[in-house]
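The lines below spell out each chain.
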Amino acid sequence: MKSLRNTALGLSMGIVAASTAFADGHAKELTIAIVNNGHMINMQKVAEAYTEETGVKLNWVSLEEGVLREQVTSDTATGGGQYDIINIGMQEAPIWGAAGWIEPLNFSAEYDVDDILPAMREGLSHDGTLYAAPFYGESSMVMYRKDLTDAAGVTIVDNDSWDNITAAAAAMHDPENGVYGACLRGKPGWGDGMAFVTTVANSFGAAWFDKDMKPTLDTPEWNAAVTMYVNLLNSYGPPGSEGNSFNEILALYNEGKCGLWIDATIAASFLEVDGVAYAQSPNAGNPVGANWLWAWAMAVPSGTENADEAKAFIEWATSKEYVQAVGNHPDFGWAKVPTGQRASTYAIPEFQAVAGFAAAEMAAIDSAAPGATDLKPYVGVQFVAIPEFPEVGTAVSQEIAAALSGAKSVEEALAAGQAAADAIMKEAGYY
Amino acid sequence: MSSNNRTLPRILQTPAVVLLLIWMLVPLSMTLYFSFIRYVLNNTRRPEWTTPSPSNWRGFGNYEYVLNAKDFWFAIQNSVFIVTSILIITVVLGLGIAVLVNRKFPGRGIVRVLLISPFFVMPAVNAVLWINMILDPVLGLNGLAVAGINSVVDGLRDFPVLGWFFNLWPVLEPISFRATQTSAYAVIMMVAWQWTPFAVLIFMTSLQSEDESQKEAATLDGASPWSQFINLTVPHLARPIAIVVMIQSIFHLSLYAEIEIVSRGSGNKNLPYLIGEFTNNNIGAASATGIFAVILANIIAIFLLRMVGKSLMD
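This is a predicted model, so every value here is computed, not measured.

### A closer look at the UniProt feature "transmembrane region" (unreviewed entry) in chain B
Residue and element names in this part refer to chain B.
Phase 1: UniProt records the feature "transmembrane region" (unreviewed entry) at residues 12-36, 80-101, 113-135, 184-204 and 283-305, using the numbering of this structure.
Phase 2: Between the end C-alpha atoms of residues 80-101 the distance is 31 Å, and the span holds 100% helix and 0% strand.
Phase 3: As annotated, residues 113-135 comprises 70% helix and 0% strand, and the C-alpha atoms at either end are separated by 25 Å.

This is how it looks when you write it as structure tokens:
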């Protein structure tokens, strides 16, 4: 019996999905799957006003990033219809739009679609049609404690070299007083640790695939990037870095335990320590750059029966009015408005007054280069816009976590990652 | 008359049996079917693979792919290692605690309720609680305890006479339980914590039916408490032990939440987790892995049924 339950994992998911879709056929109710990041959690409260105004009841399913991806992918691919609105990222939006899993979005003129930052709009479209509306967007940057760098007599500049970043981390590292030089992501998962490691690899001139979509993890560039990363974290990182992703590091940072942190620009609006300064991501001299480009966007799966209500809600939640609603909300205020989605957000004087990171964030988003180049023959910065990437990225990420915890050498880990990536790409019929 | 006697119960049983068959056979046969075809949720190069159809027949191709996939053998080994370790820990601890709380002492009722309460914590909550609040090397109890010991030792180093002795002591490093080498132990620890109460509960009820006069006679003959425990109590508990082992094996072969939360399969991946990784896109490979999981579960079940059957016969 039990063994059957193991095997029926995917199947039962479909059955559950079908029965819930059957249950809520009539009422004005929307089921929304969201990622459990700060801005999304806040949205649940801000949207109470939307329910009051329109009478549409909102059911929130708040999930951890990795779980959300698995749930939403299975549900959408099998046409389950469990959700009316889903939170998806830049990796999924163009692929799912092309596959017809999500509906194209056309909004009214007052929505002002041209106000959405061009990099975001491009990343969330397929063939010029917008398939997901950005709720917030982000790039990555260095967030460091100016008080600690000043005390240690070091400086961090825009697009610094990795050598200088390592030196700054070493100068701030003081584990006996609970301060670790550098906090960086290490948790396995293509959207967690791998996202950061890919930007490091990009900055060393490495890429995921060559022109024939063969993985290139066995190149010296990858080795140099991962070696630098592992050494930096093992020497000047907090213990247990192989388990840290965005939320874990945010908790450490807000406890005052991190010197510098290179992560999503969106983190800046959640930092509660004093003396934080910002710099553009470090670069080992590569034109692809070292900062990522990402958006958490909202899309309507094709299986839903409430497509019109869902689109109306998305139009509200990604509008200029929503930004105003968060800014004027007694619980949140201007420091907590979602950013990176619209040029107009950065022009609001109240926002500029409280957001010291705004200029750095806007510069980072503008300088991210998601398009395909000779060096990087695929779309995406810290990911690859192909359906197989989550599997490839997660497999490689587990190997890098093994290298980080010392269970494997960097060479062994990258060789195992290369073999796994090669098998997955072959299985998918690329070559 | 006698044939009539059998027909009526059989007719009455039919709906339940049919329902059970559907409930078991439909998922199993679908899994078998998917495991022999190419079925991926999304593939931009070969869109025909994205719908399950007999024209995508692949024979044993999925099985071959899974057998050669990274971590397959590691996952099987881990499944067995994690289940066996949890079984040993829970049965040994369960026996000890059950015998201890079987005696009469003030506050026994409260102690028993407290002992059983971990069992009512949800698995995911259990894992989040352990990994973040207890095992975290910086903010958890683990990190705080190590930091505390280090600072106490640091203070003792300044002592006038004994200082040189404490200077020989090393500065301790907290263990990271999310690391590849340790994450399986973290899972074993948290699941054992949750399931020891289950063993205690079963053993405790069974101890209450132990023959006290036999024990009194043994005491009069001068048998030590230890020899009473080995020769009287343990044989008496053979059946409940077999039941605890069987039920726990069934549950722990399908561990998922703890593995996801501790390290996302880095170092502690078992077969269900591997299936979960494939279900991201490759349903064919996930189904083939599912069939391997059925085989593994059946191999273990054969041993367990023999063991339980034997202890029930005795």
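### Observations regarding the interface of chain A and chain B
For an interface, size is often stated in terms of accessible area lost upon the parts coming together.
Phase 1: Across the boundary between the two partners, chain A contributes 58 residues, which contact 51 residues of chain B.
Phase 2: A buried area of about 4300 Å², summed over both sides, lies between chain A and chain B, and 59% of it is on carbon and sulfur atoms.
Phase 3: Across the contact surface, chain A and chain B share 5 salt bridges.
Phase 4: A salt bridge links R38 of chain B to E427 of chain A, with the shortest nitrogen-to-oxygen separation between them at 3.8 Å.
Phase 5: Of all elements in the fold, only α1 (2-7), α2 (9-23), α5 (65-77), α6 (92-99), α12 (246-254), α18 (389-404) and α19 (410-427) of chain A reach the threshold of two or more residues within the side of chain A that touches chain B.
Phase 6: Top element by residues in the side of chain A that touches chain B is α18 of chain A. It accounts for 7 residues.
Phase 7: Looking at side-chain class alone, the side of chain A that touches chain B contains 29 nonpolar, 15 polar and 14 charged residues.

### Quick notes on the domain arrangement of chain A
All names here are of chain A.
Phase 1: Under the domain assignment used here, chain A contains domain 1 (2-137 + 294-361) and domain 2 (140-291 + 372-427).
Phase 2: Computed from C-alpha coordinates alone, the two centres of domain 1 and domain 2 are separated by 27 Å.
Phase 3: Of the residues lining the interface, 21 residues belong to domain 1; the matching set on domain 2 comes to 20 residues.
Phase 4: On the domain 1 side of the interface with domain 2, the three residues burying the most area are Q91, F357 and A360, jointly 32% of the side's total.
Phase 5: The interface formed by domain 1 and domain 2 holds 1 salt bridge in total.

### Quick notes on the state of the cysteines
Residue and element names in this part refer to chain A.
Phase 1: Throughout the structure, instances matching the rule amount to 1 disulfide over all chains.
Phase 2: Across the disulfide, C183 is cross-linked to C258 (sulfur-sulfur distance 2.0 Å). Disulfide C183-C258: the torsion about the S-S bond is -90 degrees, which places it as left-handed. Taken together, the positions of C183 in strand β7 (residues 180-183) and C258 in strand β8 (residues 258-264) put the pair 75 residues apart, joining distant regions of the chain. A single burial state applies to C183 and to C258, both of which are buried.

### With respect to the domain arrangement of chain B
Phase 1: Domain boundaries assigned for chain B yield domain 1 (68-126 + 180-313) and domain 2 (136-176).
Phase 2: Here domain 1 of chain B and domain 2 of chain B have C-alpha centroids that lie 35 Å from each other.

### Thoughts on the packing of helix α9 (residues 212-220) of chain B against helix α10 (residues 225-236) of chain B
Residue and element names in this part refer to chain B.
Phase 1: One way to put it is that α9 packs onto α10 with a least axis distance of 11 Å and a crossing angle of 155 degrees. For the element pair α9 / α10, the angle class is roughly antiparallel. α9 and α10 meet at a crossing whose hand is right-handed. For the pair formed by α9 and α10, the contact residues are Q214, K215, A218 and T219 on the first element and Q228, L232 and T233 on the second.
Phase 2: Of the residues in the contact of α9 with α10, the class split is 2 nonpolar, 4 polar and 1 charged.

### Focus on the nonpolar core
Phase 1: Among the nonpolar cores identified, the biggest contains 205 residues, and W208, W222, L260 and F313 of chain A are the most heavily contacted of them.
Phase 2: Ignoring sequence-local partners within four residues, the contact set of W222 of chain A consists of M194, V197, A201, A206, A207, W208, T216, L217 and L414 of chain A.

### Side note on the packing of helix α8 (residues 183-207) of chain B against helix α11 (residues 238-252) of chain B
All names here are of chain B.
Phase 1: The contact between α8 and α11 brings their axes to 10 Å, and the two run at 150 degrees. The pairing of α8 with α11 is recorded here as roughly antiparallel in orientation. Considering the relative orientation of α8 and α11, their crossing is right-handed. Contacts from V191, W195, F198, A199, I202, F203 and S206 in α8 reach P240, I241, V244, I247, Q248, F251 and H252 in α11.
Phase 2: Residue classes in the contact of α8 with α11 are distributed as 11 nonpolar, 3 polar and no charged.

### Considering the pattern of salt bridges
Phase 1: Under the criterion given, the structure shown has 25 salt bridges over all chains.
Phase 2: In this structure, K320 of chain A engages D112 of chain A in a salt bridge whose closest nitrogen and oxygen atoms are separated by 2.9 Å. With K320 of chain A in helix α14 (residues 320-328) and D112 of chain A in the loop between α6 and α7 (118-123), this residue pair connects regions lying 208 residues apart in the sequence.
Phase 3: By relative accessible area, which is 29% here, K320 of chain A ends up partly exposed.
Phase 4: Salt bridges sharing common partners tie together E64, K187, D192 and E248 of chain A together with E260 and R264 of chain B.

### Here's the deal with the packing of aromatic side chains
Phase 1: Taken as a whole, this structure holds 45 aromatic pairs over all chains when the rule is applied.
Phase 2: Summarising the aromatic geometry, the rings of F107 of chain A and Y111 of chain A are spaced 4.2 Å apart at their centres and angled 40 degrees between planes, so their arrangement reads as tilted.
Phase 3: For Y111 of chain A, a relative accessible area of 3% gives the class buried.
Phase 4: For the cation-ring pair, K214 of chain A lies above Y431 of chain A, with the distance from its terminal atom to the ring centre recorded as 4.8 Å.
Phase 5: The cationic tip of R38 of chain B hangs over the ring face of W49 of chain B; the distance from NZ or CZ to the ring centre is 4.0 Å.

Each value, and the rule that gives it
Residues numbered from 1 in each chain as written. Chains lettered and ligands numbered in written order. Predicted model: local features only at pLDDT ≥ 70, side-chain atom pairs only at ≥ 80, totals over all residues. Heavy atoms only, no water. UniProt positions renumbered as here; feature names shortened; annotations may be inferred. Helix = DSSP H or I, 4+ residues; strand = E, 2+ residues; numbered from the N terminus. Contact = heavy atoms within 4.5 Å. Buried area = accessible area lost by both parts, 1.4 Å probe. Salt bridge = Lys/Arg side-chain N within 4 Å of Asp/Glu carboxyl O. Nonpolar A, V, L, I, M, F, W, Y, C, P; charged D, E, K, R; others polar. Domains from an automatic or database assignment. Disulfide = S-S within 2.5 Å. Buried < 20%, exposed > 50% of the residue type's maximum accessible area, 1.4 Å probe, protein only. Axes fitted to C-alpha atoms, helices over the stretch in contact; angles between N-to-C directions. Parallel < 35°, antiparallel > 145°, perpendicular 65-115°, else oblique. Left-handed = near helix turned anticlockwise from the far one by under 90°. Core = buried A, V, L, I, M, F, W, Y, C linked by side-chain atoms within 4.5 Å. Phe/Tyr/Trp six-rings, centres within 6.5 Å; stacked < 30°, edge-to-face > 60°. Lys NZ or Arg CZ within 6 Å of the ring centre and 35° of its normal.

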